[in-house]
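# Chain and residue survey
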Amino acid sequence: MRTCTIVVLAAGLALAACDKGGKGAANNDKTAPPADDPAKGNGARSTPPAPPTSTAPAAVGADAITLHYAVPAVGTRWIEERGQTMDLDITAEGQHAKMTADRREGKTIEILAVTADAISKAKVSYEVVQNSQKVAGKEHFGPSPLVGKTYTLTAGSPIVVSTDAGPAPEAEAAAVQEIEQSFGKPSRMGTLLANRSFPRDQATDLPAGEIGQALGDDPSMIVQKLTLTYRGMAGDLATFDIAMTVVQDRDGNHMAMELAGKLLIHPKANDVGSLALDGSVTLTGKAAAKGTMQMRQKRTAR
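Let us look at the structure shown here. Every value quoted in this text rests on a predicted model; they were computed, and no experiment measured them.

Reading guide: rules and limits
- Residues numbered from 1 in each chain as written.
- Predicted model: local features only at pLDDT ≥ 70, side-chain atom pairs only at ≥ 80, totals over all residues.
- Heavy atoms only, no water.
- Helix = DSSP H or I, 4+ residues; strand = E, 2+ residues; numbered from the N terminus.
- Contact = heavy atoms within 4.5 Å.
- Areas by Shrake-Rupley, 256 points an atom, 1.4 Å probe, with all protein chains shown as cover.
- Pairing = 2+ DSSP bridges.
- Buried < 20%, exposed > 50% of the residue type's maximum accessible area, 1.4 Å probe, protein only.
- Arc of directions from axis to C-beta.
- Polar contact = N/O pair within 3.5 Å; in protein donor to acceptor, adjacent residues only side chain to side chain.

## Notes on the overall build of the protein chain
The helix and strand inventory of the protein chain stands at 4 helices and 16 strands. Relative to all contacts within the protein chain whose residues are 6 or more apart in sequence, the contacts with residues 24 or more apart total 63%. Accessible area of the protein chain: about 13800 Å², with a carbon and sulfur share of 52%.

Structure below.
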């Protein structure tokens, strides 16, 4: 969940719009193509994938559940869809602008190699990569070079990105590396929840010292509070209410988000089946803003 990306883009574009009297950058205005929203099921598949084999089966009882983390097996394939939308009313240097920022990703992943705790090689096909912003009524978006293409990713620093013909072009490799910053690393949510027990219908606050970087690789974005409430099983998926407080200090601005929603997870492996979060966003500092944030994620079998 690269929440920080959309937040920073939103603040930066809104400040630019305010600096120009709310006119926006007219030279690059285009009409963005309609986005597939995983939350609305547009083109989405509804059957969750079978969880990877785990030597430590989840302990599921009527009154509690214990979760376990397992790396997906080689050959596992799934479709992953992500969406983030932010709507803000922002004021900077005496100017006011309304802004909407929207990010969509849809891709198919096939596991080619793994280590004991992470995926080390995978084939990724990008069907949807869209990042658009609307500032003061003007819409801006840049086409992605990744749509309709397939790459092989190999863990490393940086991640190695290749095609069937050899190394990926530099611009495409950089775009993949930006999207897949966590590739080759153990799942943050998976390891955070591993071997934890959750009593049914009781709110459980995860330890503050362990949740700070739960959402991404940006050290400026901190999860201050993360609360999970186990609500029972929905087929093979464990269902939780989720609530979190996230803060970020960056570029002279302080951002705070209060988000809540539903998390469905495979209890044997801690793979996210689906995630839906909604809440408020407040920005103070160089700019002042209030608005809403929506985040969606869904994984389905292929």
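## Points about the pairing of strand β5 (residues 119–135)
Bridge analysis of strand β4 (residues 95–114) against β5 gives 15 bridges, and the strand direction is antiparallel. Looking at β5, one finds that Val114 is bridged to Ile119. Count of turn residues in the β4/β5 antiparallel hairpin: 4 residues. Judged from the 6 bridges that link them, β5 and strand β7 (residues 149–154) form a sheet pairing that is antiparallel. Along β7, the bridge assignment pairs Ser125 with Thr150. As judged from the 4 bridges shared by β5 and strand β6 (residues 138–141), these two strands associate in the antiparallel manner. Of the residues in β6, the one forming a bridge with Lys134 is Glu139. Adjacent in sequence and paired antiparallel, β5 and β6 are bridged by 2 residues, among which Ala136 carries a positive phi angle near 50 degrees.

## Structural notes on helix α2 (residues 170–179)
Of the positions making up α2, those classed as buried are Glu172, Ala173, Ala175, Val176 and Ile179. All buried residues of α2 project into a common sector of 160 degrees when viewed along the axis, lining one side. Among the exposed residues of α2, those oriented more than 90 degrees off its buried face are Glu170 and Ala171. Taken together, the buried residues of α2 touch β4, β5, β7 and β8 (160–163).

## Section: the side chain of Gln297
Following the sequence through the fold, Gln297 ends up in strand β16 (residues 288–301). What makes Gln297 buried here is its relative accessible area of 11%. Polar contacts involving the side chain of Gln297 include one to the side chain of Arg82, which spans 3.4 Å.

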